[in-house]
Amino acid sequence: MHDYESDTLTEEGIKSFMNSTDSKSTCKVHVFREIDSTNIEAKKQAIEGAPHGTVILSDCQTAGKGRQGKKFFSPRGTGIYMSIILYPDKLGFSNPTVITAYAAVCVCKVIERLSNLNPQIKWVNDIFLNGKKICGILTEVITESENQGANIFVLGIGINVSTRQNDFPDELGEIATSLYADGKVPIKRDQLVAEIIKNVLHLEKPSETQIFEQYKARLFVLNKEITVIQGEESYMARAIDIDEHGHLIVQTSNGEMKTLISGEIKIRNQ
């Protein structure tokens, strides 16, 4: 057991948990003490030609990016803020929704394996523990016009590892928590990072069907009453299922069935 003050993120520490020679040789890890956003830095490096599997990691972010322009709270020393540069031909997937679902399953599997915790997924890209958010995932696309070549993906993963409950801003305290909100962490962040990298970059990928089966098995929103938020509009519905593309199927209060490709949902009475 250790506290965050002794839990320093280092490239050497991360590589020490990567017992696969392939992972060590193909994965470039860049660790920053502070950065505006790991996704912003990863996009810059990708455009400059950084290879598949390049990882940008920081001990804190001053402008961490969430979905729909939201900020991701990224205090120093208590979280994992990382971005991985992914080339579709090497990753095996070219759909951002599949990549996000795949990453969510990978993160859940790592947490399950290294702890006794049981994380669950909230559609579309959040991971929850005990009813509160511990992780957000943001998949961004660098287009051919930006890159002068094929599309490249930047996969951003932010995990609250040991941020204490009282340290969250007031607007987040009710909806966010950490893996270890008491600050007592039995595993090093280096190990968590290494395991996530190994899972995401593993050469043997599941099929898209298998990914969404594993994703659905961890979804906790199904059969729940939700509020769907799409831009300025919102309406009440019930989450029914996800389809083979990871889109959420809902039934509105008047009985209409809708398929959500994107948007935000909130679970009612939570």
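Residues numbered from 1 in each chain as written. Predicted model: local features only at pLDDT ≥ 70, side-chain atom pairs only at ≥ 80, totals over all residues. Heavy atoms only, no water.

**Student:** Sorry, what's going on with helix H8 (residues 189–201) here?
**Tutor:** Each turn of an α-helix holds 3.6 residues, which means side chains three or four residues apart point in the same direction. When the terminal C-alpha atoms of H8 are compared, their 18 Å separation across 13 residues agrees well with the 18 Å that a helix rising 1.5 Å per residue should span. Taking burial as the measure, the 13 residues of H8 include 13 buried ones, the bulk of the element. (Helix = DSSP H or I, 4+ residues; strand = E, 2+ residues; numbered from the N terminus. Expected span 1.5 Å × (residues − 1). Buried < 20%, exposed > 50% of the residue type's maximum accessible area, 1.4 Å probe, protein only.)

**Student:** It is not clear to me how the packing of helix H5 (residues 96–114) against helix H9 (residues 208–218) should be interpreted in this structure. Could you clarify?
**Tutor:** H9 packs onto H5 with a crossing angle of 55° between their chain directions and a minimal axis gap of 9 Å. In terms of their interaxial angle, H5 and H9 are classed as oblique. Here H5 runs over H9; the crossing is left-handed. Together, Thr 97, Val 98, Ala 101, Tyr 102, Ala 104, Val 105, Cys 108, Lys 109 and Glu 112 of H5 and Glu 208, Ile 211, Phe 212, Gln 214, Tyr 215 and Arg 218 of H9 make up the contact between the two elements. Here the residues of the contact of H5 with H9 sort into 9 nonpolar, 2 polar and 4 charged. (Axes fitted to C-alpha atoms, helices over the stretch in contact; angles between N-to-C directions. Parallel < 35°, antiparallel > 145°, perpendicular 65-115°, else oblique. Left-handed = near helix turned anticlockwise from the far one by under 90°. Contact = heavy atoms within 4.5 Å. Nonpolar A, V, L, I, M, F, W, Y, C, P; charged D, E, K, R; others polar.)

**Student:** Can you help me understand the side chain of Thr 177 in this one?
**Tutor:** Within the secondary structure, Thr 177 is located in the loop between helix H7 (170–173) and H8. Judged by its relative accessible area of 10%, Thr 177 falls in the buried class. Those residues in contact with Thr 177, other than ones at most four positions away along the chain, are Leu 129, Lys 132, Lys 133, Ile 134, Asn 160, Gln 165 and Phe 168.

**Student:** Looking at this structure, I do not really get the sheet that holds strand S2 (residues 55–58). What am I missing?
**Tutor:** Within the open sheet, the 7 strands sit side by side as S1-S2-S3-S7-S6-S5-S4. Their pairing is mixed. At either margin of the open sheet sits one strand with a lone partner, and together these are strand S1 (29–32) and strand S4 (120–122). Strand-to-strand, the axes of this sheet are offset by a mean angle of 20°, without reference to chain direction. Pairing analysis gives 8 bridges linking strand S6 (residues 132–142) to strand S7 (residues 152–160), with the strands arranged antiparallel. When the bridges of S7 are listed, Gly 136 appears paired with Gly 158. Along the sheet, H5 makes contact with strand S3 (79–86), S4, strand S5 (126–129), S6 and S7, crossing S6 at roughly 145°. (Pairing = 2+ DSSP bridges.)

So, to be careful, I would describe these as geometric facts and stop short of saying anything about function.
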